[in-house]
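Chain residues, written in single-letter form:
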Amino acid sequence: MEKPFAPLNPGRRRFHVASLAALLLAACGSVKKQPDNRRVAIPRAEDQPPSEKGREVVFYALSLLDTGYRFGGKNPQAGFDCSGMVSYIYAQAAGVNVSGSAADIAKQGTPVERDRLRPGDLVFFNTLNRPYSHVGIYIGDNRFIHAPSTDGKVRIDDLGSRYFAERFEEARAYFD
């Protein structure tokens with residue numbers, strides 16, 4: 001007969017619970033619940049032709065799909081948070097330095113109307129009840145790639161999903 005697992009002592013259990021709670025609360029502009037993927041009526045972006053750097057950014061970003069999420073993560077080996085992913089991809093694929101939090105990155109670049117997005121532009125969201133708390137890279141066809149803590153990996157979502165459509169704040173271009 002196998003022995004059941006021995007219960008953790010109360011001090012160790014509190015440590016594990018506190019560690020888990022801290023990890024769940026710390027998220028780069030991520031959501032605490034699953035996004036509502038129902039679509040809402042928003043004007044779709046009429047994809048503009050990407051710049052050469054924008055095209056490189058999108059190809060590089062797609063190569064990082066399913067990379068793990070890590071708060072404060074800035075490279076694929078450690079995992080990414082949203083701003084770390086954007087900073088890494090822009091540096092590697094386009095030689096462009098954007099750094100800091102999503103809000104810091106939003107202060108750079110040129111504002112772009114939602115219906116004039118080009119692949120490689122950045123899209124910003126208010127996901128933590130504070131402006132510019134999440135960032136992703138527009139890849140075309142009304143979709144963007146980002147590193148949310150929900151589901152713990154880099155993925156593609158639709159700007160028209162209810163969750164992101166309601167939280168969209170602004171888009172910015174960083175290439176000519």
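Residues numbered from 1 in each chain as written. Predicted model: local features only at pLDDT ≥ 70, side-chain atom pairs only at ≥ 80, totals over all residues. Heavy atoms only, no water.

**Brief notes about unusual backbone geometry**
Stage number 1. With a phi close to 75 degrees, D66 is a non-glycine residue in the positive phi region.
Stage number 2. When you line up the elements, D66 lands in the loop between α2 (52-62) and β1 (74-75). (Helix = DSSP H or I, 4+ residues; strand = E, 2+ residues; numbered from the N terminus.)

**Thoughts on the confidence of the model for the chain**
Stage number 1. Model confidence for the chain is summarised by a mean pLDDT of 82, while 73% of its residues fall at 70 or above.
Stage number 2. A low-confidence stretch, residues 13-34 stays under pLDDT 50, and its non-local contacts, those more than four residues away or across chains, total 35 contacts. (pLDDT = per-residue confidence, 0-100. Contact = heavy atoms within 4.5 Å.)

**Overview of α2**
Stage number 1. Of all the residues in α2, the buried ones are G54, V57, V58 and A61. Angularly, the buried residues of α2 cover 95 degrees about the axis, an arc narrow enough to put them on a single face.
Stage number 2. Looking at the packing, one finds that the buried side of α2 touches α3 (82-94), β5 (134-140) and β6 (143-146). (Buried < 20%, exposed > 50% of the residue type's maximum accessible area, 1.4 Å probe, protein only. Arc of directions from axis to C-beta.)

**With respect to the pairing of strand β8 (residues 168-173)**
Stage number 1. A large share of β8 lies buried, amounting to 5 of its 6 residues.
Stage number 2. In this sheet, β8 lies alongside strand β3 (residues 110-112) in antiparallel orientation, the contact comprising 3 bridges. Directly across from V112, in β8, lies its bridge partner A171.
Stage number 3. Taken together, the 4 bridges between strand β4 (residues 122-125) and β8 define a ladder with antiparallel strand orientation. Looking across to β8, one finds that V123 is bridged to A171. (Pairing = 2+ DSSP bridges.)

**Here's the deal with the environment of D176**
Stage number 1. Mapped onto the fold, D176 is located in the segment after β8.
Stage number 2. The contact partners of D176, leaving out residues within four places of it in the chain, are S51 and R118.

**Details of α3**
Stage number 1. In this model α3 runs 18 Å from its N-terminal to its C-terminal C-alpha over 13 residues, within 8% of the 18 Å that 1.5 Å per residue would give.
Stage number 2. Taken residue by residue, α3 has C82, S83, G84, M85, V86, S87, Y88, I89, Y90, A93 and A94 as its buried positions. (Expected span 1.5 Å × (residues − 1).)

**Regarding the environment of P76**
Stage number 1. Within the secondary structure, P76 sits in the loop between β1 and β2 (79-80).
Stage number 2. Counting along the chain gives 10 residues from P76 to D66, while the straight-line C-alpha distance between them is 9.9 Å.
Stage number 3. The residues contacting P76, other than those within four sequence positions of it, are L64, T67 and Y88.

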